[in-house]
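The lines below spell out each chain.
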Amino acid sequence: MDEKQILEIENLSVEYRTDEMLVRAVNGVNLRLKRGETLGLVGETGAGKTTLALTLMRLLPRGIGFVTGGSVKFDGANLLSLREGDMLAYRGKLLSMIFQDPMTSLNPVIPVGKQVAEVLELHNEAHRTKEQIEERVDEMFRLVGIPPERKGEFPHQFSGGMKQRVVIAIALACEPRLLIADEPTTALDVTIQAQVLAMMTELKEKLDTSMIMITHDLGIVAETCDQVAVMYAGEIVENGSVEAIFEGERHHPYTEGLFGSIPRLDIETERLRPIAGAIADPSDLPSGCRFHPRCPHCTQRCKAEAPAEHVVNGHMIRCHLYEGGAKA
Ligand code: SF4
C-alpha cells in the first residue's frame, strides 16, 4: 500500500440475504483514497452507496448483510478480518460516520454536550481527566460554531442545522483519519446546507482528514471533492478526478445521463433529459451490463457480457465502448 494511501478497497462484494430474496448490493468495487483527499460517491437511491459505507464501518445488519468477497485496507489493516473487539478501537476514533438524518442520529434524552463527551470517554487514549474532556467538548462546540454554554441543552432545543453541527462535532471529536458523510446535508435547507458544507471542508483541512462524501448532488461534489466515483446498481461505473469527470468529454453513458438531468445556469436548456427507466432491481439484476436496459448505446454484446474496467485519459470507465482506452 502506497504511503500516502489511507484506504484501498479491492474487488469488494456485499449481499443481503433473507428467506425471500438475495440482493447483490455491491459488486466488485475497487477504490483508493489518499490522506487528506475527498472522494464523492454519487448515484441514484438504491445504487449501493450506503451499503458500501456501512461495510467500511462494519455496520452491516447482522444475519442479513454479508461480505462475499474482497478486502478493505485502512491504514495497512484489513478491516474485514479484524475481530469485533479490535474494530471498536477503529470505529468512532480512526473511522467516523455522519448519518443522513441528524434528527434521528442523536439521543433525545441526553444533553448534546454529554453525547460529544461520550465518544471522547470511550476512546480516551490521551488519558484526559474529566475536566480535560469538558474542555475538549467546549473546543469542539466552538469549532462547529455552537456556543459551549448550550452544551447542557437537549436535541429538541436545536434546529436541524444545529443538530447536524452536533453530529459533526461527535464524528470529529477524536480527529478520525477517515470521515464518511452519508448525505450529511439532505435534511437541511439550502442556506444551512452551504454553511455546514463550508464548515466540514474547513475542519477536514484543519485536521487533515480524508473523507468519503456520499451524495446525489453533483454540485456538492464539484465544490468539495478531489475524486469522484459514480455508482450504479452496486458497481462503480466511472472513477476519476473531479477535473476529469466535470471537464472531460468522455463519460460512461450513465454519468452522461446524470449530467443531462441536472439544470445548468451557464447554458440555455429548454428541457432536462431524464435517464429513461428506473434503476435496476438489485434482487433481479439484468444480464450483461447492469445499465443496458436504460442505455441509449446498448448493443447485443452489452446484453450478454458484463463490461470490464477500462482506463480512459487517466480515469476508469466500466463500459464496452471504451475497450482499449478510446471510445468506439
Ligand atoms: Fe451502455 Fe453497453 Fe456501455 Fe453498458 S456497456 S453502458 S449498455 S454501451
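Values in this document were obtained by computation on a predicted structure and should not be read as measured data.

Some details on the domain arrangement of the chain
What the domain assignment reports for the chain is domain 1 (5-94 + 174-325) and domain 2 (102-173). In this assembly, 20 residues from domain 1 lie in contact with 17 residues from domain 2. Of the roughly 1,500 Å² buried between domain 1 and domain 2, counting both surfaces, carbon and sulfur atoms make up 71%. The tally of links from domain 1 across to domain 2 stands at 1 salt bridge.

A word on the packing of helix α4 (residues 112-122) against helix α6 (residues 160-172)
Between α4 and α6, whose axes approach to 8 Å, the crossing angle comes to 20°. It follows that α4 is roughly parallel to α6 by the angle criterion. In the packing of α4 onto α6, the handedness of the crossing is right-handed. Facing V112, Q115, V116 and V119 of α4, the residues of α6 in contact are V166, A169 and I170. Among the residues forming the contact of α4 with α6, the class breakdown is 6 nonpolar, 1 polar and no charged.

Digging into the pairing of strand β3 (residues 38-42)
The two faces of the sheet receive side chains in turn, since in a regular strand these alternate between them. With respect to burial, β3 is a largely interior element, 5 of its 5 residues being buried. By the bridge criterion, 5 bridges tie β3 to strand β8 (residues 210-215) in an arrangement that is parallel. Its bridge partner being in β8, T38 is matched across the sheet by M211. With 4 bridges joining them, β3 and strand β9 (residues 227-232) adopt parallel strand pairing. Residue pairing for β9: L41 is matched across the bridge by A229.

Rules and cut-offs
- Residues numbered from 1 in each chain as written.
- Predicted model: local features only at pLDDT ≥ 70, side-chain atom pairs only at ≥ 80, totals over all residues.
- Heavy atoms only, no water.
- Domains from an automatic or database assignment.
- Contact = heavy atoms within 4.5 Å.
- Buried area = accessible area lost by both parts, 1.4 Å probe.
- Salt bridge = Lys/Arg side-chain N within 4 Å of Asp/Glu carboxyl O.
- Axes fitted to C-alpha atoms, helices over the stretch in contact; angles between N-to-C directions.
- Helix = DSSP H or I, 4+ residues; strand = E, 2+ residues; numbered from the N terminus.
- Parallel < 35°, antiparallel > 145°, perpendicular 65-115°, else oblique.
- Left-handed = near helix turned anticlockwise from the far one by under 90°.
- Nonpolar A, V, L, I, M, F, W, Y, C, P; charged D, E, K, R; others polar.
- Buried < 20%, exposed > 50% of the residue type's maximum accessible area, 1.4 Å probe, protein only.
- Pairing = 2+ DSSP bridges.

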